[in-house]
Amino acid sequence: FGPVGCFRARLLILMATKKGWGARSATVLLLSNVFLCVDGLSVDFLKSGARPLASPEARGLLPRMVATVPTMPAQSEDGEDCPGPTFDKAISQPDPIPEEGRARAMELMESGALFRYSPGFLSETSLAEADMVDYTGFKYSVGFNSCGSALFIGLKVAGVQPGDKVLANAFSFTAVPSAIHHAGAEPVYVESTNGYTMCAEDLRAKLDAAQAEGSPIKFLMLTHMRGKVADMDTIHDLAEERGVTVVEDCAHALGIQWRGVQLGRRASVACYSTQSAKVINSGEGGFFCTDDEEMAARAYCYAGCYEQLYNQHVVSPPAAVFDRVKRQTPNYSLRMSDLAAACVRPQITNIEQRIARYNEMYERITSQIADVPEFDIPPYDERVRPVKDSLQINLQMSDEQVGAFLAATKRRGIPAGLFGSPDNARNFRCWEYALPKTDLPRTERLIKIAIDIRLPATFEPEDFDQMAAVLRAARDDVMLA
């Protein structure tokens, strides 16, 4: 477990015992984070039973690991080399942490001051929050251990109560309905356009239907999947017209602008991710942003600010606001660590340069495949300044051909992901804890043909040329067979 800590570990033990999961014995090992080892479920080097990690015996079981960038040799199914263009770099590789962040992380580890409220230290998390305020234009920013945690707290401070309904994208990542579920609410899914954005017409229809039933929906969690942006004017105007509070899932949207303004600025709360596949990489992390001082103070308290620790913040609501809300707000221990924040800060500083490179490389690869008739690449709205760090294609192929194309790209070294695959966490059919109660035919059709390819910033221009060649060759493998 991460900074969520010992509380969640104990809760899981209790749940496991009640549900009969065989957790007859469980040991919580408390380090800087928390590890839960349960008989039959623990990792291999602790399968024989949890041991105190301070013991020489346990330390000897821990594997020594060195991170390397993998290569992916392309081969056909029978083991023979694949003829034609292939690719041998891992498209899933995360962006590296700048030298400044690595050096600062080493300083923090030497000092031991990884906790954001370490006495006598100026917190890296507090500084990162100030950096986010400067970059996004919000008045307040709160660092969390993940964007999912920030979304959950966004719903809480917006006033969502158990049993409430929350409108949300049918095409999204499982963390979004999970945040709604975590808040005790019920998601009502809105159809997706072929451009991966929330359909404003279906949003209006869902609002009208709820109103007609006498139970109007008052909350909307709006996701910008893979940085694709809906008609923000229409959606926010509709929300204001119906008295709907908007929490924006901007996990993929840091740096994206709508009409020259950071995406999310019109929402009551916007949440940004620093998970390793995002434009800022801290492994895990997220920021809750708002202009409302009470929402910000409550978010800080939910995250784990207590007593008068707010005095250590760099940008923060007034003390009087904290004193008004802190005794009413539970501490969920969802804080960002200073180690993660040290990774974040230099990436905020150079984000504009990296966005320019992402967008340049995207144009390079798409210009070489735009004429392929089976490749429908969703366009960007002219009102959007995008961050093009990944490529999505709607394949104009049959189901059988889509499967063959995915197999061909994998053989050639680019394992493209299909959003609608049975185990993809972006497929709403996988959200059994919060399945839709109505059919979603448009979204279901879309995810059966929509593929996803990451475009790492570390790749060279010629790498994108080769990726384009591989995609064209994989198309030929299918259509010319």
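Residues numbered from 1 in each chain as written. Predicted model: local features only at pLDDT ≥ 70, side-chain atom pairs only at ≥ 80, totals over all residues. Heavy atoms only, no water.

So, the overall build of the chain
Heads up, the condition is: Under the DSSP-based scheme used, a helix requires at least four consecutive residues in state H or I and a strand at least two consecutive residues in state E, with every element numbered from the N terminus. Any two residues having at least one pair of non-hydrogen atoms within 4.5 Å are treated as being in contact. Residue-level accessible areas treat just the shown protein chains as cover; the underlying method is Shrake-Rupley with a 1.4 Å probe.
Along its length, the chain carries 15 helices and 16 strands. Partitioning the contacts of the chain with sequence separation of at least 6, the portion at a separation of at least 24 is 69%. Taken as a whole, the chain presents about 21,900 Å² of accessible surface, with 52% of it coming from carbon and sulfur.

Quick notes on unusual backbone geometry
Glycine aside, residues mostly have negative phi angles, and peptide bonds mostly take the trans form. Positive phi, close to 55°, is recorded for Arg226, a residue that is not glycine. Within the secondary structure, Arg226 is located in the loop between strand 6 (219–223) and helix 8 (232–242).

Observations concerning the packing of aromatic side chains
Cut-off, in case you're wondering: Aromatic contacts are taken between Phe, Tyr and Trp rings whose centres are within 6.5 Å, Trp giving its six-membered ring; a plane angle under 30 degrees counts as stacked, one over 60 as edge-to-face, and the others as tilted. Buried, partly exposed and exposed residues are distinguished by accessible area as a fraction of the type maximum, computed with a 1.4 Å probe on protein chains only: under 20%, between the cut-offs, and over 50%, respectively.
Inspection of the entire model under this criterion finds 15 aromatic pairs. Relative to Phe464, the ring of Phe459 has its centre 6.0 Å away and its plane inclined at 55°; by these criteria the two rings are tilted. Phe464 sits in the buried class, given a relative accessible area of 1%. Of the aromatic side chains, those joined through ring pairs into one cluster are Phe87, Phe459 and Phe464.

Overview of the pairing of strand 11 (residues 286–290)
Working note: regular strand, side chains alternate between the two faces of the sheet. As a reminder, the rule being used: By this definition, two strands are paired if DSSP reports at least two bridges between them.
Taken across its five residues, strand 11 has five buried, putting it largely inside the fold. Burial along strand 11 is two-sided: the residues Gly286, Phe288 and Thr290 and Phe287 and Cys289 are all buried. Relative to strand 11, strand 3 (residues 140–144) runs antiparallel, the two sharing five bridges. Along strand 11, the bridge assignment pairs Gly143 with Phe287. With four bridges connecting them, strand 10 (residues 269–273) and strand 11 associate as antiparallel partners. Directly across from Ser273, in strand 11, lies its bridge partner Gly286.

Points about the pattern of salt bridges
Keep this limit in mind: A pair is scored as a salt bridge if a Lys or Arg side-chain nitrogen falls within 4 Å of a carboxyl oxygen belonging to Asp or Glu.
A full pass over the atoms with the stated rule returns 31 salt bridges. Ionic pairing is found between Asp95 and Arg454, a salt bridge with its closest N-O pair at 3.4 Å. Pair noted here: Asp95 is in the loop between helix 2 (56–61) and helix 3 (99–111) and Arg454 is in strand 16 (residues 450–454), with a separation of 359 residues, a long-range link. Arg226 is paired through a salt bridge with Asp452; the nearest N and O atoms lie 2.6 Å apart. Remark: Asp452 occurs in strand 16 and Arg226 occurs in the loop between strand 6 and helix 8; sequence separation between them is 226 residues. Across the pair, exposure class does not vary: Arg226 and Asp452 are buried alike. The network of salt bridges with common partners includes Arg104, Glu107, Glu124, Asp131 and Arg345.

A word on the nonpolar core
Stated precisely, the cut-off is as follows: Nonpolar core, defined: a set of buried Ala, Val, Leu, Ile, Met, Phe, Trp, Tyr and Cys residues in which side-chain atoms within 4.5 Å join the residues together.
Counting 44 residues, the largest nonpolar core has Leu167, Leu203, Leu220 and Tyr272 as its most contacted members. Beyond its immediate stretch of four places on either side in the chain, Leu203 contacts Leu167, Val190, Met198, Leu220, Ile235 and Leu238. Residues Tyr117, Ala150, Ala183 and Cys271 belong to the second largest nonpolar core, which totals 40 residues.

Some thoughts on the side chain of Thr125
Which entries qualify depends on this criterion: Here a polar contact means two N or O atoms within 3.5 Å. Within protein one must be a hydrogen donor candidate and the other an acceptor candidate, and residues neighboring in sequence count only if both atoms are side-chain atoms.
Structurally, Thr125 is set in helix 4 (residues 124–136). A polar contact is formed between the side chain of Thr125 and the backbone oxygen of Ser337, at a distance of 3.5 Å. Of note is the side chain of Thr125, whose polar atom sits 2.7 Å from the side chain of Asp338. Ignoring any residue separated from it by four or fewer positions in sequence, one finds Thr125 in contact with Arg116, Gly143, Met336, Ser337, Asp338 and Ala341.

Brief notes about the pairing of strand 16
Most of strand 16 is tucked away, with five of its five residues classed as buried. Side chains Ala450, Asp452 and Arg454 project from strand 16 onto one buried face, and the interleaved Ile451 and Ile453 project onto a second face that is buried too. Examined bridge by bridge, strand 14 (residues 390–395) and strand 16 share five bridges and lie antiparallel to one another. Bridging across to strand 16, Ile393 finds its partner in Ile451. Relative to strand 16, strand 15 (residues 417–418) runs antiparallel, the two being bridged by two bridges. Across the sheet, Gly417 pairs through a bridge with Asp452, a residue of strand 16.

Focus: the sheet that holds strand 15
Let me state the cut-off plainly: The angle between two axes is taken between their N-to-C directions and runs from 0 to 180 degrees, where each axis is a line fitted to C-alpha atoms and a helix contributes only its stretch in contact.
Taken in spatial order, the four strands of this open sheet run 12-14-16-15, and their pairing is antiparallel. Every interior strand has two partners, whereas the edge strands, strand 12 (375–376) and strand 15, have only one. Against the sheet, helix 15 (residues 461–479) touches strand 12, strand 14 and strand 16, its axis set at about 155° to strand 16.

Remarks on helix 3
Every α-helix winds through 3.6 residues per turn, so residues three or four apart in the chain are directed the same way. Definition in use: Here a helix's expected span is defined as the number of its residues, less one, multiplied by 1.5 Å. An arc is given here, and it is the one of the directions from the helix axis to the C-beta atoms.
Helix length check: helix 3 (13 residues) gives 18 Å between terminal C-alpha atoms against 18 Å at 1.5 Å per residue, within 8%. Among the residues of helix 3, those classed as buried are Gly101, Ala105 and Leu108. Mapping the buried residues of helix 3 onto a view down its axis gives an arc of 60°, with all of them on the same face. Residues of helix 3 that are exposed and angled more than 90 degrees away from the buried face: Glu99, Glu100 and Glu110. Turning to helix 3, the residues buried within the fold contact helix 4 and helix 11 (338–349). Gly112 lies just past helix 3 and shows a positive phi near 80°.

Nothing here speaks to function; it is geometry throughout.
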